[in-house]
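# Structure assessment
The primary structure of each chain is shown beneath.
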Amino acid sequence: MTAPNKPLLELRDVRTYFYGDEGEARAVDGVSYTIGPGQTLGVVGESGCGKSVTALSIMRLVPSPPGKTVAGQILFEGRDLLALEEREMRAIRGNDIAMIFQEPATALNPVYTVGNQIVEAVRLHQGLDREQARARAIEMLKLVGIPSPEERVDEYPHQLSGGMRQRVMIALAMSCDPKLLIADEPTTALDVTVQAQILELISALQKRTGMSVLLITHDLGVVAETADHVCVMYAGKVVETAPVERLFARPAHPYTIGLLRSLPELARPGEKLPTIEGVVPNATRFPSGCRFRTRCSLARDLCAEREPPLEPVGGDEGDGHAAACHFLEEAIEL
Amino acid sequence: MWIYILRRVLYNLPVFLGIILFLMAALRVKDPIPGMLGKFPEPEDYARMEKALGLDQPFLVQYASFLADIVTLDFDQESYDKPGLQAGEIVKDAIPPTMAITVPALMLSTLISVCVALISAFYRGRLPDRLLVFLAVIGMSVSFVVYIIIGQYFGAYRLNELLGPGNGLFAIEGFDTSEPGWWVHYCLLPVLISVIVSMGYDTRFYRAVMVEESGKDYIVTAQAKGASKKKIMFVHMLKNAMIPIITRVMITLPFLITGSFLLEMYFNIPGMGNNLIRAINANDFPVIQAFGAIFAAFFIVTNILTDVAYALVDPRVRLS
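Our subject in this report is the structure included herewith. Chains are numbered independently. Their residues run from 1 in the order of the written sequence. Chain A is the first chain written and ligand 1 is the first ligand written, with later ones labelled in order. Only residues with pLDDT of at least 70 get local features here, since the model is predicted, and only at 80 or more are side-chain atom pairs given and counted; chain-wide, interface and lining totals rely on the full set of residues. Only heavy atoms go into the side-chain values, all of them from the structure, while hydrogens and water stay out.

So, on to the pairing of strand β4 (residues 67–76) of chain A. Residue and element names in this part refer to chain A. Summarising the sheet, strand β1 (residues 9–20) and β4 pair through 8 bridges and their orientation is antiparallel. Residue pairing for β4: Thr-16 is matched across the bridge by Thr-69. Two strands qualify as a pair provided DSSP detects at least 2 bridges between them. Under the DSSP-based scheme used, a helix requires at least four consecutive residues in state H or I and a strand at least two consecutive residues in state E, with every element numbered from the N terminus. Of the strand pairs in this sheet, β4 and strand β5 (residues 79–80) are connected by 2 bridges, and their pairing is antiparallel. By the bridge assignment for β5, Leu-75 is matched with Asp-80. Linkage of β4 to β5, two consecutive antiparallel strands, is achieved through a turn of 2 residues, within which Glu-77 is found at a positive phi near 50°.

So, in C-alpha cells, the structure goes:
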C-alpha cells in the first residue's frame, strides 16, 4: 500500500517525560511519525527505547504521576488527542483506537469470563443491550478463530492457552471496529508457531476492516513480514524511517545497520553473530548530541556537539526514507 | 462446588481431631484436681472429683466421650467455679454478648476500611491519600488501652455527666439485655473503640492491596477499553482485591467468638473472653476444656469458609 495523502494518525514532536528520584527521564523525546488509513507502521527498537511509551502516549495512558506528555501533538483524524477532555478521550479508547499488549496472560482480568470482558467494551461504546453484546462477543471470538466460541465465551482467561488469550485480546480490541489498532509486542510472549498465526490474524483482520495498525516490536523479522513502513527508535527518538523493503535493502543509520547485522537469519554459518556493543543509555542521562554515539563506530567530535536531524536519504526523495546521522554517506558504506 | 466443600471438610477433620487430642493432653499434663481442691485433698474428695470429671477413665475413653460432647454440643460436666451450671451452659450464655460486640465491629471496620482504602488508592500519592495514610499510622500507633480509657472517660463519664443522672448514654458495667436499647447502652461504645483500633491496620493493609492491584496489566487493558476510572476501580480492581480482603476478614473471624479480652474486661461484658479468663483463674477444668473445643471448632469452620469464599471469588481456585 502506498503512503496516502491524509494520515489517520500523526505524531508531531511528542515528548513524554518521567519525573522520578533520578531526575527527568526523557523516555520519548520528540517523536514524529504518521500512519495512513489501512497502513501498517512498524516501530522497532530495543527495550527501553520509548516505543511502548509512545504508544501509551497516543492512548493517553502513561501512568501519571510520574509520567507526563509535556509537548507535541497527536493528531487523530485531525483532532489533537492531547487537547481532549478525559471524557472525550475515553470515547476514543477502545472504540476508535484499540490496543493489545505483550502479555495476554496478565492483560485479561482473571476474575471475569472472556465474554464479559468483550461485552463490557461493546456495551460501553455501542450501546447494545446484554443479549446483543453477548452475541457480538461470540461473533468476535469466532472471527479471531477461537473454536466453539459459544462455550469459550463463558470461560475464564486461565482456562485458555497463551495463543488463545491473545486471540481473545484481539477479539476484545476489534469488537468496536477500531480505525487504529495499536499492537504492543503482540507476539513476544508467544511460541514461534503461534506468533505467525497471530500476525496472520492481525493482517487478515486488517484486510477485512481496512484499519490501520501500529505494530510495536523489537523483532525485525515481524516487521519485515507485516509492516508497510518502519520507524526505528533509539533512546526516545526516531533515528530512521523508511518503507519496509527500502529499510531492509538499504539501511542508512548505523544503528539500523547494526540491528540488521545482528539478525540470526542473516548470519553466516560458523561466524559469531555480530552485536551492537553496549546498552541503551539511561533515560535520565542521555549523551549530548547524537544519542547513539557512545555505541557507534563512526562517532567523532561533531556527534557529541550537535544532534543530527532526521534528513531524507538518497536521491529519490518522497518515498519517506529518512535517517538521523551526520555521516550518512559513510554509514551506507558500513 | 459441593464436592469441593466436602473435600475441604474432610481435609480439616483430622486437624480438628488433632487439636482436641492436644488440648485434652495439655490440660491433663498437670493433675487438675489439686488446682480445684487444694494441694492435699481428702482421698475420698479426690476420688469423687476424679469420677465427676471422668479422669478415672482411660484416656481414649475420655477422648471418645469428649468428642461425643462436641458432636452433640452438650458439655454436661458441672462447672467448678459456678456450681449448678454445666460447662456448656456457661459457653452458650457467653456467646451472645461477645457477638453483640464483635459482629458489628468487624462488619463496620471492614466496610469503612475498604472504602477508605479505595479513596486512598484513588488519590494515590496525592494529598487525600497522604493524609489518610498519616492518620492510619497514628491510629495504629496508639495503644488499645488508651482508646478504652479515653473512650470511657469521654463517652461513659463526661458525656453522661452532661446528660444528667439516669440519662447516661453509655454504661461500662451491669450488662443487661432485658433493658430496652441495651445494645446502644452497653455495646455501642466498645464497638466504636474496636472499629477505631482496627481501622488503622485494616486501612493500610487494604490500601496496599488496592495499590498492588492498580498496577496490574488488566487495569491498563480496562483503561484501553475506554472504561471510566470509577468502573475500573469498582468492577475490575475491587473483585480482584476481594481475594486478599477475604483472607484478612477470615483471619479475623475467630475474633468474633473469642471476643476481645480487653474490651470485655473493661466494659464488664459477660462474653467469651471474660468467662475464659475467669475460668482459667479459677482452675475451672470442665469450662476451660469446653472453651478450647469451641474455639478449635470455630477456627476450623473459619478455615473451611475461607476456602469456599476463595472459590466463589476466584475462578482459578475451583480447578485445583
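All names here are of chain A. In this structure, β1 lies alongside strand β2 (residues 23–35), joined through 9 bridges in antiparallel fashion. Residue pairing for β2: Arg-15 is matched across the bridge by Asp-29. Linking β1 to β2, which pair antiparallel, is a turn of 2 residues.

The rule is short: rings of Phe, Tyr and Trp, with Trp giving its six-membered ring, pair when the centres are within 6.5 Å, and they are stacked under 30 degrees, edge-to-face over 60, tilted in between. Taken as a whole and assessed by the stated rule, the structure comprises 12 aromatic pairs over all chains. Between Tyr255(A) and Phe292(A), the aromatic rings sit 5.1 Å apart at their centres with planes inclined by 65°, giving edge-to-face as the arrangement. Of this pair, Tyr255(A) sits in helix α11 (residues 254–261) while Phe292(A) sits in the loop between α11 and α12 (301–305), placing them 37 residues apart in sequence. A single burial state applies to Tyr255(A) and to Phe292(A), both of which are buried. Following the ring pairs from residue to residue traces out a cluster consisting of Tyr234(A), Tyr255(A) and Phe292(A). Here, over-ring charges are defined by two tests on the NZ atom of lysine or the CZ atom of arginine: distance to the ring centre within 6 Å, and angle to the ring normal within 35 degrees. The ring centre of Tyr112(A) lies 4.9 Å from the NZ or CZ of Lys239(B), which sits over that ring. For the cation-ring pair, Arg248(B) lies above Phe205(B), with the distance from its terminal atom to the ring centre recorded as 4.8 Å. Only protein chains enter the accessibility calculation, which uses a 1.4 Å probe. A residue is then buried if its area is under 20% of the maximum for its type, exposed if over 50%, and partly exposed in between.

Throughout, a residue-residue contact means that at least one pair of heavy atoms, one from each residue, lies within 4.5 Å. Counting from both sides, the interface comprises 26 residues of chain A and, opposite them, 19 residues of chain B. Here the quantity called buried area is the accessible surface, traced with a 1.4 Å probe, that two parts lose on coming together, added over both. Summing the contributions of chain A and of chain B, the shared interface buries around 2,100 Å²; its carbon and sulfur component is 61%. The largest contributions to the chain A side of the interface with chain B come from Val111(A), Glu120(A) and His158(A), which together make up 27% of the buried area. For this analysis, a salt bridge means a side-chain nitrogen from Lys or Arg found within 4 Å of a carboxyl oxygen belonging to Asp or Glu. Counting across the interface, chain A meets chain B through 2 salt bridges. A salt bridge links Glu120(A) to Lys231(B), with the shortest nitrogen-to-oxygen separation between them at 3.7 Å. Polar contacts, as used here, are pairs of N or O atoms within 3.5 Å; protein pairs need one atom able to donate a hydrogen and one able to accept it. Residues neighboring in sequence count only if both atoms are side-chain atoms. Our count for the contact surface shared by chain A and chain B stands at 12 residue pairs in polar contact (both at pLDDT 80 or more). Elements with a contribution of two residues or more to the side of chain A that touches chain B: α1 (51–59), β6 (97–100), α3 (104–107), α4 (114–126) and α7 (162–174) of chain A. Of the residues forming the side of chain A that touches chain B, the biggest block, 5 residues, is contributed by α4(A).

Distances and angles like these do not, on their own, reveal function.
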